[in-house]
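# Fold and geometry: a report
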Amino acid sequence: MTASVTFDALAANASDHDAERRQMVLLTAAAAGVAAAAVALPLVSSFAPSERAKAAGAAVEADISDIAPGAVKTVEWRGEPVWVMRRTPEMLAGLAAQDDQLVDPASVVTSQQPAYAQNTHRSIKPEYFVAVGICTHLGCSPNAVATGSANPSVGADWKGGFFCPCHGSTFDLAGRVFKNKPAPTNLEVPPHQYLAEGRLLIGEDNAA
Ligand code: FES
């Protein structure tokens, strides 16, 4: 399943519902756990290979040719949301200005991204950022927060990024976590590769 939306629209929808989202996340997590338990047996007994493969982490292909500059498409992989963001030149320029505020600006923690995303933009192509949309603290879903937001958890010099409503962690537009926040590491970049222009494979790469 995929969905594409502009970053600003994502940010606008997210701004006033932190408490509700916290509750929803907890309920969703609980429901997901129940659902996983409920479907586990049918999957085993029906030998549905595609579903079993998906649950095991099979790669998923995504058409990213329709993502407008500044927009984000969400692709489901391993039952988790994976964001594919098409960053504008302005968004990329903002990444360079705040290294001193970040826990791991150079992606030194190798478990959080493949080697080909161990760079300041944390991606193969600077324009596209691919990340698992799950907070590295306790697994909530961060919200998009645009530049100029009134969110008190971001500073006046905020360049855009993501805010986790559960305990306040903030991440920049490369998923790099800011200092003095509960999340210990940057957002995870999953294995991925480009099959062709506009075609992305998530969950598998051709790294040796
Ligand atoms: S789960 Fe995101 S800050 Fe705690």
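Quick caveat: nothing in here was measured; it's all calculated off a predicted structure. (Residues numbered from 1 in each chain as written. Predicted model: local features only at pLDDT ≥ 70, side-chain atom pairs only at ≥ 80, totals over all residues.)

Looking only at helices and strands, the chain features 4 helices and 10 strands. Along the chain direction, N to C, the helices and strands of the chain fall in the order β-α-α-α-β-β-β-α-β-β-β-β-β-β. Restricting to contacts in the chain with at least 6 residues of sequence separation, those with at least 24 account for 61%. (Helix = DSSP H or I, 4+ residues; strand = E, 2+ residues; numbered from the N terminus. Contact = placed C-beta atoms within 7 Å.)

Looking now at the sheet that holds strand E2 (residues 60-63). The 3 strands are arranged E2-E10-E9 in an open sheet whose pairing can be described as antiparallel. Among the strands making up the open sheet, the edge pair consists of E2 and strand E9 (192-196). Ignoring which end each strand starts from, the neighbouring axes of this sheet average 30° apart. Bridge count between E9 and strand E10 (residues 199-202): 4 bridges; the pairing is antiparallel. When the bridges of E10 are listed, Tyr-194 appears paired with Leu-200. (Pairing = 2+ DSSP bridges. Axes fitted to C-alpha atoms, helices over the stretch in contact; angles between N-to-C directions.)

With antiparallel pairing, 3 strands are arranged side by side in an open sheet as E6-E7-E8. Each having just a single partner strand, strand E6 (143-145) and strand E8 (170-172) make up the two edges of the open sheet. Here the average twist between neighbouring strands, direction ignored, is 30°. Pairing geometry for E6 and strand E7 (residues 161-163), over 3 bridges, is antiparallel. Across the sheet, residue Val-145 finds its bridge partner in E7, namely Gly-161.

Now for the environment of Ala-183. Considering the arrangement of structural elements, one finds Ala-183 in the loop between E8 and E9. Classification of Ala-183 by C-beta neighbours within 10 Å gives buried; the count is 22. Other than its neighbours up to four places away in sequence, Ala-183 contacts Cys-135, Thr-136, His-137, Cys-164, Ser-169 and Val-177. (Buried ≥ 20, exposed ≤ 12 C-beta atoms within 10 Å, placed from the backbone.)

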